Amino acid sequence: MFRLSQKCGLFTKTLQRLAISRLSSSSSVTDAPEQEEQVAGQASTKLPPRLPLAKNFFVGLVDNELLAYPEVINRDDMARLNNELLPLKNFFSEDFDYQAAGKTYTLPKDLPENLKALGVYGLNVSTDYDGKGWGYSASLMASEPESEATDVALSLLGHRAIVDVIQELGTDEQKSRYLTKLVNGSLVASEAIFEFEGSEEDYFNTKAHHENQAWILNGTKSFVLSPPKTSDAAHLFLVVAQTNKANVQSEAARSTTIFLVDSTMPGVKIGERQQTLGCRASAINEVHFDNVRIPESCVLGHAHEGNVVADALLKSSRLRNAMVGLGLSKSILNEISLECIEKKMCGVVLKDLESVQSHLARSCLSIYSMESMIYLTAGLLDEFNFPDIALESAITKYYTLKEMLNISTRCLDMIGPKSLVSGQATEHFYRNASYLYSQGESIDNLSIYIALSGLQHAGTIMGDNIRKQRNPLFNPGHIFSKLMERTSLDNPVTKMDLKENLHPTLEPGALCLEHSVARLQMCVDLLFTRYGNGIVERHNESRRVAEMVTTIYAMFASLSRASRSYCIGLQLADHEMLTAMAICADGRDKVLTIAREIFYGQYVNNDNNLQRLSRQIVKSKGYFATHPLTYNF
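About the thresholds
- Residues numbered from 1 in each chain as written.
- Predicted model: local features only at pLDDT ≥ 70, side-chain atom pairs only at ≥ 80, totals over all residues.
- Heavy atoms only, no water.
- pLDDT = per-residue confidence, 0-100.
- Contact = heavy atoms within 4.5 Å.
- 1 Å grid on protein atoms, 1.4 Å probe; cavity = no way out; pocket = protein on both sides within 12 Å on 5 of 7 lines; lining within 4 Å.
- Points joined across faces, edges and corners; volume = space filled by probe spheres on them.
- Nonpolar A, V, L, I, M, F, W, Y, C, P; charged D, E, K, R; others polar.
- Core = buried A, V, L, I, M, F, W, Y, C linked by side-chain atoms within 4.5 Å.
- Buried < 20%, exposed > 50% of the residue type's maximum accessible area, 1.4 Å probe, protein only.
- Helix = DSSP H or I, 4+ residues; strand = E, 2+ residues; numbered from the N terminus.
- Domains from an automatic or database assignment.
- Patch = residues over 30% accessible without salt bridge, like charges linked within 9 Å, V, L, I, M, F, W, Y side chains within 5 Å.
- Areas by Shrake-Rupley, 256 points an atom, 1.4 Å probe, with all protein chains shown as cover.
- Salt bridge = Lys/Arg side-chain N within 4 Å of Asp/Glu carboxyl O.

1. Brief notes about the confidence of the model for the chain
Predicted confidence across the chain gives a mean pLDDT of 88, with 92% of residues reaching 70 or more. Long-range and interchain partners of residues 1-44, a stretch whose pLDDT sits below 50, account for 88 contacts in this model, where long-range means more than four residues apart.

2. Some thoughts on empty space enclosed by the protein
All chains considered together, the criterion is met by four cavities of 30 Å³ or more. Reported here for the largest cavity is a volume of approximately 280 Å³. Lining the largest cavity we find 21 residues, and of these Glu191, Ile193, Phe194, Ser317 and Gln439 sit closest to its centre. Looking at the lining of the largest cavity residue by residue, the class counts come to eleven nonpolar, seven polar and three charged. Along the walls of the second largest cavity sit Arg50, Leu51, Pro52, Leu53, Leu66, Leu380, Phe384, Pro387, Asp388, Ile389 and Glu392, which together make up its complete lining.

3. Let's talk about the nonpolar core
Grouped together as the largest cluster of nonpolar side chains are 132 residues, with contacts concentrated most on Phe57, Phe96, Val152, Ile450 and Phe556. The element best represented in this core is helix 12 (residues 354-383), accounting for 13 residues. Split by domain, the residues of this core number at least three in each of domain 1 (107-307) and domain 2 (445-616). The next biggest cluster of nonpolar side chains, apart from the first, holds 46 residues, and it includes Ile162, Val163, Val239 and Val287.

4. Topic: the environment of Asp574
For Asp574, the location among the structural elements is in helix 19 (residues 573-600). Accessibility expressed as a relative area gives 45% for Asp574, which makes it partly exposed.

5. Some remarks on the domain arrangement of the chain
Examined at the domain level, the chain breaks down into domain 1 (107-307) and domain 2 (445-616). For domain 1 and domain 2, the distance between their C-alpha centres works out to 38 Å.

6. Let's talk about a nonpolar patch on the surface
A cluster of nonpolar side chains, Phe599, Tyr600, Tyr603 and Val604, forms an exposed patch at the surface whose accessible area comes to about 490 Å². When its relative accessible area of 51% is taken as the criterion, Tyr600 is described as exposed.

7. Digging into the pattern of salt bridges
Pairs can form between side chains of opposite charge once their charged atoms are near each other. Applying the stated rule across the entire model yields 31 salt bridges. Its salt-bridge partner being Lys397, residue Glu441 comes within 3.1 Å of it at the nearest N-O pair. On the criterion of sequence distance, the pair formed by Glu441 in the loop between helix 14 (425-438) and helix 15 (443-469) and Lys397 in helix 13 (residues 390-415) is long-range, its members being 44 residues apart. By relative accessible area, Glu441 is classed as buried at 8%. On the basis of relative accessibility, which here comes to 4%, the residue Lys397 falls in the buried class. Notably, a salt bridge pairs Arg596 with Asp490, separated by 2.8 Å at the nearest N-O pair.

Here you go:
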């Protein structure tokens, strides 16, 4: 349903910027975001911006200072935050029956009033508009209790992401008009982005045109998640629509614009509720727009520049989406752990079986990495002025959702047929995990975005060297120096000295991280030399690169967190050290395996065979092999 053409419609200019049209691009890798002037002064207490972290992995660089895990909430503020979160934790652990909601596919009628009383709607809204004013780290921490109730957390995700975007890019008028209402629950926000059927010719079927100082909006959006709301509350939809630039010809006229549309506007109609595989208690609807007249003041950002707003929206949405996945993953592990402790198989308690122990431990490794990545990324957002963390937030969501689905399928391995019987907790978890995995942007497209984003950054830095390597006859000296390098894929030579910024016990893990970063840089160098600008069309290679950098970021975050935990003496910090070391050992092997596939090339790593088979499948319009018992004589 979510076709690539539809994705490109939403983020077209973002993807255009990621296309590596010229490896010798002269743009600076430290340029501040364009919206800096709009939010100047809001982050005056933050530290100056740093070079991007994950993007520099592609060129073999690691910011050693960021191995000090961010502590953006001081001791006193943390104590106050924990006290403020007690009512929220008690509500979701004692007063909210999530199992009943999962069976009836409806949330309690009094839930909106309870959420309103607990201040859930305004966690990340500035205190100037009666919100709590919490940053990314604090608001993510505050959303942990609700994340165990997946339907509630998923419903509130869009609300909070839209609040973040309005605060970052909205005008003063938009902030005054919407934020206070969004805090008190009289207005709830939802993303209206995706369509059931993507347009084959245009970016979106939902379109808007300018007429008499206003915009006229027409179209239908699907899979719109509605936060819990009282009967008298209104909806605020963030709508992405295709618009055409005036006095511009052909395809260059097509663009996207993002509107803030109140459900009370004439022509807005909320359609029937849509049933999905999981998260069935969530209100998921179609929304129809029939000649809705939208004032110019309701354009978020600037007309025809929806890509700028999309960048800010994705930064928040992806990170908060990862938190929902983390909460579900923890719930699955806790449930399956109790099952393994209490149940026996052939007279042996499940927890004593070696296979079960491996499943539980690997699930723990994944959850530790997820949590470390989420709060590291949030800490970078809170600690630095205008950080470039678009790649980090994409990596965090990509890793979290993939591992969440893996954890849910391990239940099937350990428990067997019983795990998917209707009404079982494991069946409920599997449904929700499957829905979260596919909801919104597809994982496949996200992996390609991750790879192209890092490759575009690397291309601006490595351009001169790549040109020399692609023209060896004109640059014999450079080619000779490359041949004389002592480093290799199996034995990379590094000078990062990451161990100097970590606890000494983690030195082997630091070495694994160094070798993995070096291997990623060598693969990027090879891919640019082999394909040049054509790398943007090599999706199999892009997926491999995305897996490598994702694994490296998980290793980096886990080492950083474990080192901090051990140094300050947190409970079970020695097991955190063990966890980080296991993550790095697995990560090193995974990166090396993928790097070898890239170096071997498509005629050795099976890519060419798969492409030939796919062409025959298309030609035969499906499975082509004759029955294995067929005679030919």
